[in-house]
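This is what each chain is made of:
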Amino acid sequence: MLRIGRAQISVSRWQLGYESRIQLWGILFILPTILFFMIFKYGPMLWAIYLSFTGYDIVTEPKFIGLNNYINIFKDPIFLQALNNTLIYIMGSTIAITVLGLGLALIINTGIKASRFFMSSMFLTNIMPILAVCLVWRFLFHPYGLVNQFLSPLGLGRIDWLTNSYLALPAIIIVTAWRFAPYFMVVFLAGLLAVPKEIYEAADIDGVTPISRFLRITLPMISPIVFFVVVVSALLCARIFLMPFIITGGGPGGATRVLSMLIYETGFSYLKMGRAAAISVILFLIMMVFTILQIRFFSKTEEY
Amino acid sequence: MGKRIATFWSLEWLGLLPLAAFTFLIVLPIVWMISTSFQSGEKMYQLTTEWIPSVFHWENYPNGLSRAAFPRFFLNSFIISAAVMIGNLIFCTLAGYGLSKYRFRGDKILLLLILSTLMLPMEVTLVPTFLIIRKLNWLNTYQGIFAPLLIDAFGIFLMRQFMLRIPTDYIEAARIDGAGEFKILWKIIIPQCKPAIATMAIFSFRDSWDQFIWPLVVVSVDEYRTYPLGLVRFGEDYGNPPTEQMAIAVLATIPVFLIFWILQRSLRTGFTMSGLKG
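As a starting point, this report considers the structure included with it. (Residues numbered from 1 in each chain as written. Chains lettered and ligands numbered in written order. Predicted model: local features only at pLDDT ≥ 70, side-chain atom pairs only at ≥ 80, totals over all residues.)

Before going further, it helps to spend a moment on the overall build of chain A. Across its full length, chain A carries twelve helices and two strands. Along the first, second and third principal axes, the C-alpha atoms of chain A reach 105 × 75 × 30 Å. Counting the 304 residues in chain A, one finds 42% classified as buried. The contacts in chain A between residues at least 6 apart in sequence include a share of 72% that link residues at least 24 apart. (Helix = DSSP H or I, 4+ residues; strand = E, 2+ residues; numbered from the N terminus. Buried ≥ 20, exposed ≤ 12 C-beta atoms within 10 Å, placed from the backbone. Contact = placed C-beta atoms within 7 Å.)

What follows is the structure in C-alpha cells.
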C-alpha cells in the first residue's frame, strides 16, 4: 500500500512537473539569446548612458562631469550639423525608397511579362557588397563620371556632385534608393498580392478610373505595408555609416557627416569616449522613436 | 469587352517602359563595375565609357589581389561571416522556437526585449562594445570581431513568425509519442522552416560580409583585417589603379551572389516575410 501511495504521489508530481518542464525547455531555448543581448546590447547601452555623463579618454579613469557632454554637443555646430544631416537623410531616403518601391511594385503587379526577369536583375543591388556599391558610385558621381556623361545631353554642364555641399547629400540619397528600393519593392509586392481580387473586379464593373482605383482601393488596403516600409527604412537609414564615409568622407565641409560618423570620429579619432557616448544616446533616442512605432505596428497587426 | 482588352494592353506597355528604364538604371552600375574591372588603367580617365573593353585585362585580378594581403583578408572575412551565419542559424532557430511554441510567464516581455534590440545596432553601442572586447583582451582576434554579431533579432523574429504557422498539434502528438524537445525541433520544426532558414542564412552572411564599422574599430593588424578594410585602404595608397579596385569589388560580390543563387528557390517563400531587413 505504502509503495502504491508513493508511486501515486510521484506520478502526480511528475504530471505537475510535465507542463512546467516543457515551459522550462522553452525558456532554455531562449536563454542563450537573452544572455547574449544582455552582454552585447543592453549592457553596452547602459554603459553608454553612464559614460555619457563622464569624461573618458581610455587612458585615465572616467570622471563624472554631469550633463556637460550633452550641453557641449548641443552647443557644437558640428554635432548640430550632423544631427540635421541625419534627419534630412532619413527623411529623403525614406521618401525615395517608399515612392520608388511602391511605384515599381505597382507596375510589376499589373502582370507585366518578364516581371521575374526584372525582379531578379533588380535584386542584384541588394546582394552586392555595400562597400562595392559605394566605391562604384563614387566613380559614377565623379565630375567626368558616368552620371554626368548621361546628363550631358541636357546641357547641364559638369556637375560636381560630391563636392557641392547642396548636392552631396542628395547624391547619397540616390545611392541609398538604388540599393534599397528594389528590396522594398518585393515587400510592397507581397502586400499588393494579398489584396483580394474581387474588390478590383467590382471596381472594374463600376467603371472606376485607374487613379481613383489606386487612391480609393489599393492605397487604403496596403497602408499597413506602407507604414511598415517607412518605419523600417527610417531605422535602416538612421544608422547609415558606410555610404557617406566612403562616398564623400563626410564632406564637403561636413555636409554629409551623419551621427554614426561623428560617433566614430569623436570616440576613436579624438578618443573622447564620454562625448561619443552622449552622441550615441542621441542616436539611440532617434532609433527608439521608430522602434516603438514598429513594435506598436506588430502588436496591432497580430496578436502576440 | 474590346475596350477593356485595349486598356489592358496600353497599360501593360505604359508600365513596361518605366520598368525597363529603371531596370536599366539599376543594372548599369553593376555592368560598369564588371566592365571596369577588365579595363586598362588609362581608359578610366577618358571622357567616354567603353562598355566592352577593347582588350580584356584579366591581369587586373591577380595584380589587385597582390597589392595587399587580399587572399588573407578574404579568408578572414569568410571565417567571420561563416561564424556569424552559424551562430545565427543555431541561436535564432532555438529562440524563435522557444518564443513561438512555448507559453510561459513573461514570454511576451521577452519577445519585446528581443525586438527592442533592433534599436541598438552596432553604430549605437560602438564605444561600450569596443570597451568590452578590449577588457576581454579580444582586440585583433576573430572572436573579438564575430562575438558581438552572433545573434541578430531579425533572424529570431523571422523564425518565430514562420514557426507560428506550424500547427501545434504536430508537436503535441510527437510529445505523446515520447519525443524529446530537441528531437521535435530537429525532426518536425526545422524541416518545415527551410525558407526562413535560407533567408536568415543569406542575410546573416551578407550582413557580416558587409560589416565595416566594427572591424574598423577592433582590428589594427593585417592578420585579422577583413576585405572591406583592405579595399578601402587600397584606394588611399597612391598609384593603385581603380580598375584593380573594381576587380576586387567583383570578387567580393561573388560569394554573396553564389549563396543567393544556391538558396534562391527557398528564398522566394521566405522573402515575403522578411521585410525587416534591407
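Between chain B and chain A, the contact holds 72 residues from the first and 75 residues from the second. Elements supplying a minimum of two residues to the side of chain B that touches chain A: α1 (2-37), α3 (70-101), α4 (107-116), α5 (126-135), α10 (194-210), α11 (213-218), α12 (227-236) and α13 (242-271) of chain B. Partitioned by chemical class, the residues of the side of chain B that touches chain A number 52 nonpolar, 14 polar and six charged. (Nonpolar A, V, L, I, M, F, W, Y, C, P; charged D, E, K, R; others polar.)

Turning to its location among the elements, Ile86(B) is positioned in helix α3. Counting along the chain gives 22 residues from Ile86(B) to Gly64(B), while the straight-line C-alpha distance between them is 30 Å.

The nonpolar side chains of a soluble globular protein tend to be buried with one another. Within the largest apolar cluster, 164 residues are counted, with the highest numbers of intra-cluster contacts made by Cys134(A), Met185(A), Ile279(A), Leu283(A) and Ala249(B). The element contributing the most residues to this core is helix α7 (residues 168-193) of chain A, with 17 residues. Domain assignment of the residues forming this core places at least three in each of domain 1 (2-51) and domain 2 (68-301) of chain A. In this view, Met185(A) contacts Gly101(A), Leu104(A), Ala105(A) and Met122(A); residues no more than four positions away in its chain are not counted. (Core = buried A, V, L, I, M, F, W, Y, C linked by C-beta atoms within 7 Å. Domains from an automatic or database assignment.)

This part is about unusual backbone geometry. Positive phi, close to 75°, is recorded for Ile58(A), a residue that is not glycine. Under the C-beta neighbour-count criterion, Ile58(A) is labelled partly exposed, with 14 such atoms within 10 Å. Its identity as a non-glycine residue notwithstanding, Asn137(B) has a phi of 65°, on the positive side. Among the secondary structure elements, Asn137(B) is positioned in the loop between α5 and α6 (142-146).

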